[in-house]
Amino acid sequence: MSKTKIAALVVLIVLLGALGIEAGVRAYRVRQCNRYADIVRQMATERDRGVSSDALRARLKATEASQTKPNPEIHDLMENTITGLYEHPELNPEQSASIALDGCLEHP
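What this report covers is the structure whose coordinates are included nearby. (Residues numbered from 1 in each chain as written. Predicted model: local features only at pLDDT ≥ 70, side-chain atom pairs only at ≥ 80, totals over all residues. Heavy atoms only, no water.)

## A look at the overall build of the chain
- Within the chain, the secondary structure is distributed over 4 helices and 0 strands.
- The linear arrangement of helices and strands in the chain, starting from the amino end, is α-α-α-α.
- Residues classed as buried in the chain amount to 20% of the 108 residues present.
- Taking all contacts inside the chain whose residues are at least 6 apart in sequence as the whole, residues at least 24 apart take part in 81%.
- Carbon and sulfur atoms form 62% of the exposed surface of the chain, whose accessible area is close to 7,900 Å². (Helix = DSSP H or I, 4+ residues; strand = E, 2+ residues; numbered from the N terminus. Buried < 20%, exposed > 50% of the residue type's maximum accessible area, 1.4 Å probe, protein only. Contact = heavy atoms within 4.5 Å. Areas by Shrake-Rupley, 256 points an atom, 1.4 Å probe, with all protein chains shown as cover.)

## Side note on the pattern of salt bridges
- As enumerated under the stated definition, the model contains 5 salt bridges in all.
- Its salt-bridge partner being Arg-47, residue Asp-48 comes within 2.9 Å of it at the nearest N-O pair.
- Residue Glu-79 is joined to Arg-57 by a salt bridge in which the shortest nitrogen-to-oxygen separation is 2.6 Å. Taken as a pair, Glu-79 in helix α3 (residues 72-87) and Arg-57 in helix α2 (residues 53-65) lie far apart in primary sequence, 22 residues in all.
- Among the charged side chains, a salt-bridge network with shared partners connects Asp-38, Arg-41 and Glu-94. (Salt bridge = Lys/Arg side-chain N within 4 Å of Asp/Glu carboxyl O.)

## A word on the nonpolar core
- Formed by Cys-33, Tyr-36, Val-40, Met-43, Ala-44, Leu-56, Leu-60, Met-78, Ile-82, Leu-85, Ala-100 and Cys-104, the largest nonpolar core amounts to 12 residues.
- For this core, the secondary-structure elements that each account for two or more residues are α1 (3-48), α2, α3 and α4 (93-106).
- A total of 5 residues in this core trace back to one element, the largest contributor, which is α1.
- Leave out the neighbours within four places in its chain, and Tyr-36 touches Leu-77, Met-78, Thr-81, Ala-100 and Cys-104. (Core = buried A, V, L, I, M, F, W, Y, C linked by side-chain atoms within 4.5 Å.)

## A look at the packing of α2 against α3
- In the contact formed by α2 and α3, the axes pass within 10 Å of each other and the chain directions differ by 165 degrees. Considered as vectors, α2 and α3 are oriented roughly antiparallel to each other. Note that α2 runs across α3; the crossing there is right-handed. Where α2 approaches α3, its residues Ser-53, Leu-56, Arg-57, Leu-60 and Glu-64 are matched on the opposing element by His-75, Met-78, Glu-79, Ile-82, Thr-83 and Tyr-86.
- For the contact of α2 with α3, the residue count by class is 5 nonpolar, 3 polar and 3 charged. (Axes fitted to C-alpha atoms, helices over the stretch in contact; angles between N-to-C directions. Parallel < 35°, antiparallel > 145°, perpendicular 65-115°, else oblique. Left-handed = near helix turned anticlockwise from the far one by under 90°. Nonpolar A, V, L, I, M, F, W, Y, C, P; charged D, E, K, R; others polar.)

## Section: the state of the cysteines
- Per the stated rule, a full pass over the model turns up 1 disulfide.
- Across the disulfide from Cys-33 sits Cys-104; the S-S distance is 2.1 Å. Between Cys-33 and Cys-104, the S-S torsion sits near -75 degrees, and that sign places the bridge as left-handed. Of this pair, Cys-33 sits in helix α1 while Cys-104 is found in helix α4, placing the two residues 71 residues apart along the sequence. (Disulfide = S-S within 2.5 Å.)

Right under this line is the structure:
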């Protein structure tokens, strides 16, 4: 096999590897966003059942207290999510989850 063909084969392998890694990262992101949408759906369902935003915030604090190193970015995201859910009670749980999923996928 000539050096040109070997070089082309190496480039192809590297490109395919990079595409595979990118696809894996994208799949992981989609799974994470689906989990977030499920959490939003559950929170909106609780809101519709009459659970207060203070009760959800207390649960968030309890969850963070049980973690060895809480993530401030996730804390802020969840605080904003709770605020958004209670500011828009007209959105049902499915609509809330759909909006959360779209937003998560659009902003990596």
